[in-house]
Amino acid sequence: MRGFSLSRETKRLVIDQPFFLDSYAETGHVLPRLGLAYRSWGTLAPNGDNAIIVCHALTGSADADQWWAPFFGPGRVLDPEHDFIVCSNVLGGCYGSTGPISKAPGGRPWGGHFPALTIRDQVRAQMALADELGIRRIRLVLGGSMGGLQALEWALLDPERVQAVASIAASGRHSAWCAVWSEAQRLALASDPKFRNGHYPPDDPPRTGLAAARAVAMGTYRSPQSLARRFGRASGAEVFGTQAHSPNELAVHGWLRHHGKKLVDRFDANSYRRLLDAMDTHDLSRGRGDYESVLRGIRQPVLVGSISSDGLYVPAEQHELARLIPGARLVEIDSEHGHDGFLIDAEAFHPALLAFKHNNASVAPRRSNAPVASHPQENSNPWLTPIVQQYST
């Protein structure tokens, strides 16, 4: 299976113990070992209390300084001079962490046999990484889109260690609206005969199906205003000049095909499918009780970021989070770029994020009623034991 390019600064941690998945009780699924690719910036304090965890979106990597560059630097919310910042490639991804392109027992890539994951599995893997790095206190967990789903799970899975959470352009549970778009992308993948239910050879991946899935996604990431302003009814030649692949067609057609091609050159179709599945399972209340009660049980300060034109994780979902989480603050930016505003207009969130960090990063969270795993030093890496023994899921 082909590899995907990693930055030179990427490190990789391998925990040579079984990692029990969220579905273990029903399926018995266990990963025989856990590998996580990660980047870090800054230095961990001697008492391990200055960490910030950054969580990436669906097709992201550990290179947070590239896709969230406006947040990095002296005096910024991610300040390597004072913070120990960690971002790992998500479990199930294809940028160095254990996923479908990793080797399964027997030496061949997992491919379509890679087991189903949940957002909780991804966060528990990140918790194992934090344990191995010696992190004892997390000032802030920050994420956008799929990373925002993970940030909210951190609040419940590790409430004794996490001091504050910032979740941008995300929700407390995947809506039917989000699930519809996920399924449309799965259908696009499955329509490619080369997909073969995930059992495709490494040298012949389903490029057409993955490009079509990405095209579906791009329609949900942008807004009508954004596309109208950039493209309108202009031709490819009018917008892209000599670089237009189809100069006489609508420019927006070429833009969509371009993004599909870019993704198939840098991402694995099985990873894409598994991560879509993980997002669709996202529900903070699953196995924990009533949804509103679970949200009211979050005791950390939470900054909820919203984008006025987001047509995927719609603003009403963030308003609900801010209303139900006791320590939540809502920040809504007026971006015309839709869901992708969390990247394109990231700078607009920075003042609120910086103030939130300064106000809450040294405040211990109020005790939560959520099920809590034992401290790792008290139970020898409990994230690597069956989840049914840790949480009421």
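Structure first, text after, so check above.
Residues numbered from 1 in each chain as written. Predicted model: local features only at pLDDT ≥ 70, side-chain atom pairs only at ≥ 80, totals over all residues. Heavy atoms only, no water.

What to know about the overall build of the protein chain
Moving on, step 1. Along the backbone of the protein chain there are 15 helices and ten strands.
Moving on, step 2. Whereas a compact globule of 393 residues would reach a radius of gyration of roughly 21 Å, the protein chain reaches 20 Å, a difference of no more than 12%.
Moving on, step 3. For the protein chain, the C-alpha atoms occupy an extent of roughly 65 × 50 × 40 Å along the three principal directions.
Moving on, step 4. Per-residue burial over the protein chain gives 58% buried out of 393 residues. (Helix = DSSP H or I, 4+ residues; strand = E, 2+ residues; numbered from the N terminus. Rg over C-alpha atoms; globule rule 2.2 N^0.38 Å. Buried < 20%, exposed > 50% of the residue type's maximum accessible area, 1.4 Å probe, protein only.)

Considering the layout of surface pockets
Moving on, step 1. In this structure, the largest pocket spans a volume of roughly 780 Å³.
Moving on, step 2. What lines the largest pocket is a set of 36 residues, among which Thr-59, Gly-60, Arg-214, Arg-266 and Leu-343 lie closest to the centre.
Moving on, step 3. Those elements that provide at least two residues to the lining of the largest pocket are helix 2 (64-67), helix 5 (176-190), helix 6 (207-221), helix 9 (251-264), helix 10 (269-280) and helix 13 (341-344).
Moving on, step 4. Here the residues of the lining of the largest pocket sort into 17 nonpolar, 13 polar and six charged.
Moving on, step 5. Put simply, the second largest pocket is a space of about 270 Å³.
Moving on, step 6. Elements that contribute at least two residues to the lining of the second largest pocket include exactly helix 8 (236-240) and helix 9.
Moving on, step 7. It is helix 9 that contributes the most residues to the lining of the second largest pocket, six residues altogether.
Moving on, step 8. Across the lining of the second largest pocket, the residue classes tally to five nonpolar, seven polar and three charged. (1 Å grid on protein atoms, 1.4 Å probe; cavity = no way out; pocket = protein on both sides within 12 Å on 5 of 7 lines; lining within 4 Å. Points joined across faces, edges and corners; volume = space filled by probe spheres on them. Nonpolar A, V, L, I, M, F, W, Y, C, P; charged D, E, K, R; others polar.)

Section: the pairing of strand 4 (residues 34-41)
Moving on, step 1. Counting buried residues in strand 4 gives eight out of eight residues, a clear majority hidden from the surface.
Moving on, step 2. Along strand 4, one buried face is formed by Leu-34, Leu-36, Tyr-38 and Ser-40 and the opposite face, lined by Gly-35, Ala-37, Arg-39 and Trp-41, is buried too.
Moving on, step 3. Across five bridges, strand 1 (residues 11-15) lies against strand 4 in antiparallel orientation. Along strand 4, the bridge assignment pairs Arg-12 with Ala-37.
Moving on, step 4. Bridge count for strand 4 against strand 6 (residues 84-88) is four bridges, and the pairing is antiparallel. Bridge pairing in strand 6 places Ser-40 opposite Val-86. (Pairing = 2+ DSSP bridges.)

Brief notes about the sheet that holds strand 5 (residues 51-55)
Moving on, step 1. Read across the sheet, eight strands follow the order 1-4-6-5-7-8-9-10 without closing on themselves; strand pairing throughout is mixed. What marks the edges here is a single partner per strand, and that holds for strand 1 and strand 10 (328-333). Between one strand axis and the next, the sheet turns by 20 degrees as a mean value, whatever way the strands run.
Moving on, step 2. Bridging between strand 8 (residues 165-168) and strand 9 (residues 302-307) involves four bridges; their strand directions are parallel. If you follow Ala-166 over to strand 9, its bridge partner there is Leu-303.
Moving on, step 3. Lying over the sheet, helix 4 (residues 146-157) contacts strand 5, strand 7 (138-144), strand 8 and strand 9, oriented at roughly 150 degrees with respect to strand 7.
Moving on, step 4. Running over the sheet, helix 12 (residues 315-324) touches strand 9 and strand 10 and is turned about 160 degrees from strand 9. (Axes fitted to C-alpha atoms, helices over the stretch in contact; angles between N-to-C directions. Contact = heavy atoms within 4.5 Å.)

Points about the nonpolar core
Moving on, step 1. Grouped together as the largest cluster of nonpolar side chains are 79 residues, with contacts concentrated most on Val-141, Trp-154 and Tyr-272.
Moving on, step 2. For this core, the element with the highest residue contribution is helix 4, accounting for eight residues.
Moving on, step 3. With sequence-adjacent residues up to four places away left out, Tyr-272 is seen in contact with Leu-58, Thr-59, Gln-185, Leu-189, Leu-210, Ala-213, Arg-214, Ala-217, Leu-263 and Phe-267.
Moving on, step 4. Formed by 29 residues, the second largest nonpolar core is a distinct cluster that contains Ala-169, Ile-307, Val-331 and Phe-356. (Core = buried A, V, L, I, M, F, W, Y, C linked by side-chain atoms within 4.5 Å.)

A closer look at the packing of helix 5 against helix 6
Moving on, step 1. At a minimum axis distance of 7 Å, the contact between helix 5 and helix 6 shows a crossing angle of 160 degrees. One element, helix 5, and the other, helix 6, form an angle in the roughly antiparallel class. Crossing angle aside, the handedness with which helix 5 passes helix 6 is right-handed. On helix 6, the residues that touch Trp-181, Ala-184, Gln-185, Ala-188 and Leu-189 of helix 5 are Gly-209, Leu-210, Ala-212, Ala-213, Val-216, Ala-217 and Thr-220. (Parallel < 35°, antiparallel > 145°, perpendicular 65-115°, else oblique. Left-handed = near helix turned anticlockwise from the far one by under 90°.)

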